[in-house]
Amino acid sequence: MMAMTPGQAACCVRVPTPSSFEPRRHVAFLHRRPRRVTTTTATSTANHTIRNSRETAAEMTPPEKADVLRSLDGWAESNLLPLLKPVDRSWQPHDLLPDSSSPAFRDEVDELRARAMEIPDDYFVCLVGNMVTEEALPTYHAALNSFVGNDDPSSSSDAWARWSRGWTAEENRHGDLLNRYLYLCGRVDLRRVEQTIHHLIAAGMRLDAGRCPYRGFIYTAFQERATAISHGNTARRAGELGDARLARICGAIAGDEKRHEVAYTRVVDELFRLTPDEAVRALEHMMRERIVMPACYMFDGTDAELFRHYAAVAERLGVYTTGDYAELVEFFVERWGVAGLGDGLTGEGRKAQEYVCRLPERVRKMEEYARRRKVEGQRVPFSWVFDREVEVQL
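Residues numbered from 1 in each chain as written. Predicted model: local features only at pLDDT ≥ 70, side-chain atom pairs only at ≥ 80, totals over all residues. Heavy atoms only, no water.

Where an unreviewed UniProt entry is consulted, the protein chain appears under the name Acyl-[acyl-carrier-protein] desaturase, with the organism given as Digitaria exilis. Its UniProt record gives the protein chain the following Subcellular location (unreviewed entry) comment, quoted word for word: "Plastid, Chloroplast". In its Pathway (unreviewed entry) section, the UniProt entry covering the protein chain states "Lipid metabolism; fatty acid metabolism." (UniProt positions renumbered as here; feature names shortened; annotations may be inferred.)

Encoded structure:
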């Protein structure tokens, strides 16, 4: 699932310095506040984004980049496909929820609901936000196919096509599992949640990568690592609240995301090894344009700033924070050896290298600023929890 951080904006900017930082901006994801979303604006924005991606595809994806990816088909066969688990060894949502065919089903559901009653609304806001993001999988599958050049959905010889289908099949279980848990627990207004999913899939996503595989894989590596952190933190929090079943549910998803992160990180490893200049320039582009969360067009039909509010709750609960984002940047800059790239860089490549290597320090300064600034809390109603108010810090 390509979900990086609650709190990112539909309009992206360069990383600001603390001195220019807006006091009211939600800092966890280093973006401007999303513009207000309605059914009309979300759809038109998504269509505009898709159109722009197509118009700039030729500029962003030189033939040599596509050739590099095609040359890695055998590499993908050996290094990516083994990371997909066979179906008979994979967990399924049924394994982690009450068995509807069991005589004990009603008792197990009663126990699940009783434990859910002890969990506060702010946790469910984060859980629903994660689930809504997972359920927009059709958008992410289309995006992945766009930058791996998968034009034959039934191909059995193309390793990239097989990876795309296998990854999607594994990710599909995540939304199914969370959706069924939320249905059984009785703590959320599922119709309003379903409307949010409907709006999000219809609106699409903003991906500032065009059809460029370099930018696309960098984006996905970041998203998968961030998602693993987010689900891992919801698992930890569920355990602290005494709900072992919910902790296992979130932990199972986090485990998948971590494995998928390994895959996409390996791809970028290889791109840096083969074509370091192109890779570091792609990384710079994505860092300047920002890794925008795929669910930034989230809308429930009522709250024009739903995504911003959800993000603020996630930050306050520690589900995903400014510090997590800073760790992401530091991890990938070190992992891909940006500082040690040699003499093969062009002038543009060296400028990109300098920018990227300085970025972790700038992000850490923003993290420190975020910790020190005083933020007034306010209460915002969430339709997902029957319009009950939840504290946010904006």
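This next bit is on the overall build of the protein chain. Looking only at helices and strands, the protein chain has 16 helices and 2 strands in total. The proportion of buried residues among the 394 residues of the protein chain is 58%. Counting contacts in the protein chain only where the partners sit at least 6 residues apart, residues at least 24 apart contribute 82% of the total. Put simply, the protein chain shows about 16,500 Å² of open surface, and 48% of that area lies on carbon and sulfur atoms. (Helix = DSSP H or I, 4+ residues; strand = E, 2+ residues; numbered from the N terminus. Buried < 20%, exposed > 50% of the residue type's maximum accessible area, 1.4 Å probe, protein only. Contact = heavy atoms within 4.5 Å. Areas by Shrake-Rupley, 256 points an atom, 1.4 Å probe, with all protein chains shown as cover.)

Time to look at the confidence of the model for the protein chain. Here the protein chain averages 85 in pLDDT, while 82% of its residues score no lower than 70. Throughout residues 2-36 the model reports pLDDT below 50, and contacts reaching past four residues in sequence, or to other chains, amount to 129 contacts. When the criterion is pLDDT under 50, residues 39-60 qualifies, and its contacts beyond four places in sequence or with other chains add up to 27 contacts. (pLDDT = per-residue confidence, 0-100.)

Nonpolar side chains in soluble globular proteins tend to end up buried together. Tyr181 and Phe382 are the most contacted members of the largest nonpolar core, which totals 116 residues. Non-local contacts of Phe382, meaning those with residues more than four positions away in its chain, are made with Val125, Leu306, His309, Tyr310, Val313, Asp387, Arg388, Val390 and Val392. (Core = buried A, V, L, I, M, F, W, Y, C linked by side-chain atoms within 4.5 Å.)

UniProt feature "binding site: Fe cation 1" (unreviewed entry): in the numbering of this structure it lies at Glu134, Glu171, His174 and Glu257. The named residues occupy 124 residues along the chain; their greatest pairwise C-alpha distance, 11.2 Å, places them in one compact cluster. Looking at where Glu134 falls in the secondary structure, it is placed in helix 7 (residues 121-135).

We now examine the packing of helix 8 (residues 137-148) against helix 11 (residues 213-240). Angle between the axes and distance between the axes: these two values describe a pair of packed helices. The geometry of helix 8 relative to helix 11 is characterised by a closest axis approach of 8 Å and an angle of 145 degrees between their N-to-C directions. Judged by the twist between their axes, the crossing of helix 8 over helix 11 is left-handed. Here Leu144, Phe147 and Val148 of helix 8 lie close against helix 11, whose contacting residues are Pro213, Gly216, Phe217 and Thr220. Here the residues of the contact of helix 8 with helix 11 are counted per class, giving 5 nonpolar, 2 polar and no charged. (Axes fitted to C-alpha atoms, helices over the stretch in contact; angles between N-to-C directions. Left-handed = near helix turned anticlockwise from the far one by under 90°. Nonpolar A, V, L, I, M, F, W, Y, C, P; charged D, E, K, R; others polar.)

All chains considered together, the criterion is met by 14 aromatic pairs. Geometrically, the ring pair formed by Trp167 and Tyr264 is edge-to-face, given 6.3 Å between the ring centres and 85 degrees between the ring planes. Of the two residues, Trp167 is situated in helix 9 (residues 159-185) and Tyr264 in helix 12 (residues 244-274); the sequence distance between them amounts to 97 residues. Overall, Trp167 belongs to the buried group, its relative accessible area being 0%. Using a relative accessible area of 1% as the deciding quantity, one classes Tyr264 as buried. A network of ring pairs unites the aromatic residues Phe147, Trp160, Trp163, Trp167, Phe217 and Tyr264 as a single cluster. Looking at Arg173, its charged tip hangs above the ring of Trp91, at a distance of 4.1 Å from the centre. (Phe/Tyr/Trp six-rings, centres within 6.5 Å; stacked < 30°, edge-to-face > 60°. Lys NZ or Arg CZ within 6 Å of the ring centre and 35° of its normal.)

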